[in-house]
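# Secondary and tertiary structure notes
These are the residues of each chain, in order.
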Amino acid sequence: MKKASQSLEFFPDVPVIPYEGPDSRNPLAFKWYNPDEIVEGKTMKEHLRFSVVYWHTIRGIGADMFSMTRAWQRPWEDGTDSLDMALKRAGVLFEFCQKLGAPFYAFHDRDVAPEGRTLTETNRNLDRVVKKLKKYQEDTGVGLLWGTACLFVHPRYMHGAATSCNADVFAHAAAQVKKAIEVTHELDGAGYVFWGGREGYSTLLNTDMKRELDHLGAFLHMAVDWKKELGFKGQFYIEPKPKEPTKHQYDSDAAACLNFLRQYDLLDHLKLNLETNHATLAGHTMQHDLEVAGAAGALGSIDANTGDLLLGWDTDQFPTDIYLTTQIMLTVLKYGGFTTGGTNFDAKCRRESFEPVDLFHAHIGGMDAFARGLKIAAKIRADGRLADFVKNRYASWDTGIGKDIEKGKVGLAELEKHALKLGEVKTNQSGRQEFLENLINEFI
Ligand code: XUL
Ligand code: CO
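Worth saying up front: this structure is predicted, and the values here are computed from it rather than measured.

Our next topic: the site of ligand 1. Close contacts around ligand 1 come from Trp-55, His-108, Trp-146, Trp-195, Glu-239, Lys-241, Glu-275, His-278, Asp-303, Asp-314 and Asp-346, and that covers them all. Contacts to ligand 1 include Glu-239, whose side-chain N or O atom sits 2.7 Å from an oxygen atom. The contact in question runs from an oxygen atom of ligand 1 to an N or O atom on the side chain of Asp-314, over 3.2 Å. Tallied by class, residues from the shell around ligand 1 come to three nonpolar, two polar and six charged.

The following block contains the structure:
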């Protein structure tokens, strides 16, 4: 990143956030995230690849289901959704990323530029803002982690987009995605995300599920074809979520997405972008979904946030739990770390955290939590006791009959012979869950 901006335009009271170390009591300083510090041979900045989202951080108003009225103070907003306002907001994003030291951002097409009266006018608006974003990227060195299309806000998408019952809506969504991939390419995006906004159903009474899934498969193939034609080299991702806004989203969890991709012959073209609060809504831990994706060679990127234990919905809170970030980083490091992906804060402040400075507190907390998780995970890996325990637990597969099974050398007849000879099987060693939980606490 180029030299950080000391600009006073939008956040005049906030300096460039320094690293001051764990003893600092300065709320506008990092205690753990030290971008140039080396962990397992790479800098923290290279490992974590932090990203700021346009939708919550720049466009959020503090709305909830009980009020769509703006609660958040954003002195630069003029109350309109004009193109001029959109162009001005781009400056807010880049000043924020520079002061925070976040190397990336992510957006939906409609976050950055307003819809016009026609698709042509909408695309023209988008082109104007993208030109400005490109200039800011060149000037600041902040890059695009991924782009995406908003296929869930406009009422035309009430029945879904690629899974809509209306073929014209499918076509409109296809045109929108085509353009969104083009602008992501123009901005040199490292990736492009498909999150199925309303791709799901509210009732099976009106739904032809097979037909909708076939359409979604066809839609993604068209996107893959267009990516090739364009020469866009970024990574495509699919982002699982089990429900909200629909009762059932087709991309419900990592396993369901992988099965869908396999069924429609898309596995070579898309990895997964996993979000903590989506995994927990699906009844899994984030680490579970990361392990499912990693085992399939499809761990791409993460949307970093957290839910609330007592609220059952997608609250998108900033992650501060060190156990959570440690588990995430253990699995991310196990599968070789991020390449095109990163740690994207798909998270929002609470409605009552209404001042611009709250955005800094939120991101600093999330970045510090991930930096701690990274350092703790690296220490656990260097210590080796956890990995050794798991390896030893499966020792019977490394020699003898276990090895023969893994190598595909034996069938049921040979195994029967082996079992009859044994007579009875000796029990395995203890699973030692409590011992291992204590071991993790040694590092936290
Ligand atoms: C919605 C969600 C989206 C995607 C991008 O829950 O996570 O913001 O990340 O469309
Ligand atoms: Co997300």
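That covers the picture; the talk isn't over yet.
Our focus in this paragraph is the pattern of salt bridges. Tallied over the entire structure, the rule returns 19 salt bridges. In this structure, Lys-179 engages Asp-127 in a salt bridge whose closest nitrogen and oxygen atoms are separated by 2.8 Å. Of this pair, Lys-179 sits in helix 6 (residues 167–186) while Asp-127 sits in helix 5 (residues 119–140); the two residues are 52 residues apart in sequence, bridging distant segments of the chain. Note on Asp-127: relative accessible area 34%, which makes it partly exposed.

To continue, consider the domain arrangement of the protein. In many reports, interface size means the accessible area that the parts give up when they come together. Here the protein is described as being made up of domain 1 (38–383) and domain 2 (394–443). Placing a centre on the C-alpha atoms of domain 1 and another on those of domain 2 gives a separation of 41 Å.

Here we take up the layout of surface pockets. Of the volumes computed, that of the second largest pocket is approximately 780 Å³. In terms of lining residues, the second largest pocket is bounded by 24 residues, among which Gln-287, Leu-330, Leu-386, Val-390 and Ile-440 are the most central. Looking at the lining of the second largest pocket element by element, the count peaks at six residues for helix 11 (residues 322–334). Considering only residue class, the lining of the second largest pocket consists of eleven nonpolar, eight polar and five charged. No fewer than three residues from each of domain 1 (38–383) and domain 2 (394–443) sit in the lining of the second largest pocket.

Next up on the list: the nonpolar core. The biggest cluster of nonpolar side chains holds 108 residues, and the ones touching the most others in it are Leu-100, Tyr-105, Leu-133 and Leu-272. Among the elements that line this core, the one with the most residues is helix 12 (residues 356–383), at twelve residues. The residues that make up this core include at least three from each of domain 1 (38–383) and domain 2 (394–443). Look past the residues within four positions of Leu-133 in its chain and what remains in contact with it is Tyr-54, Ala-90, Phe-94, Tyr-105, Phe-107, Val-112 and Leu-187. Within the second largest apolar cluster, eleven residues are counted, among which are Val-53, Ala-106, Trp-146 and Tyr-237.

Conventions we followed
- Residues numbered from 1 in each chain as written.
- Chains lettered and ligands numbered in written order.
- Predicted model: local features only at pLDDT ≥ 70, side-chain atom pairs only at ≥ 80, totals over all residues.
- Heavy atoms only, no water.
- Near = heavy atom within 4 Å.
- Polar contact = N/O pair within 3.5 Å; in protein donor to acceptor, adjacent residues only side chain to side chain.
- Nonpolar A, V, L, I, M, F, W, Y, C, P; charged D, E, K, R; others polar.
- Salt bridge = Lys/Arg side-chain N within 4 Å of Asp/Glu carboxyl O.
- Helix = DSSP H or I, 4+ residues; strand = E, 2+ residues; numbered from the N terminus.
- Buried < 20%, exposed > 50% of the residue type's maximum accessible area, 1.4 Å probe, protein only.
- Domains from an automatic or database assignment.
- 1 Å grid on protein atoms, 1.4 Å probe; cavity = no way out; pocket = protein on both sides within 12 Å on 5 of 7 lines; lining within 4 Å.
- Points joined across faces, edges and corners; volume = space filled by probe spheres on them.
- Core = buried A, V, L, I, M, F, W, Y, C linked by side-chain atoms within 4.5 Å.
- Contact = heavy atoms within 4.5 Å.

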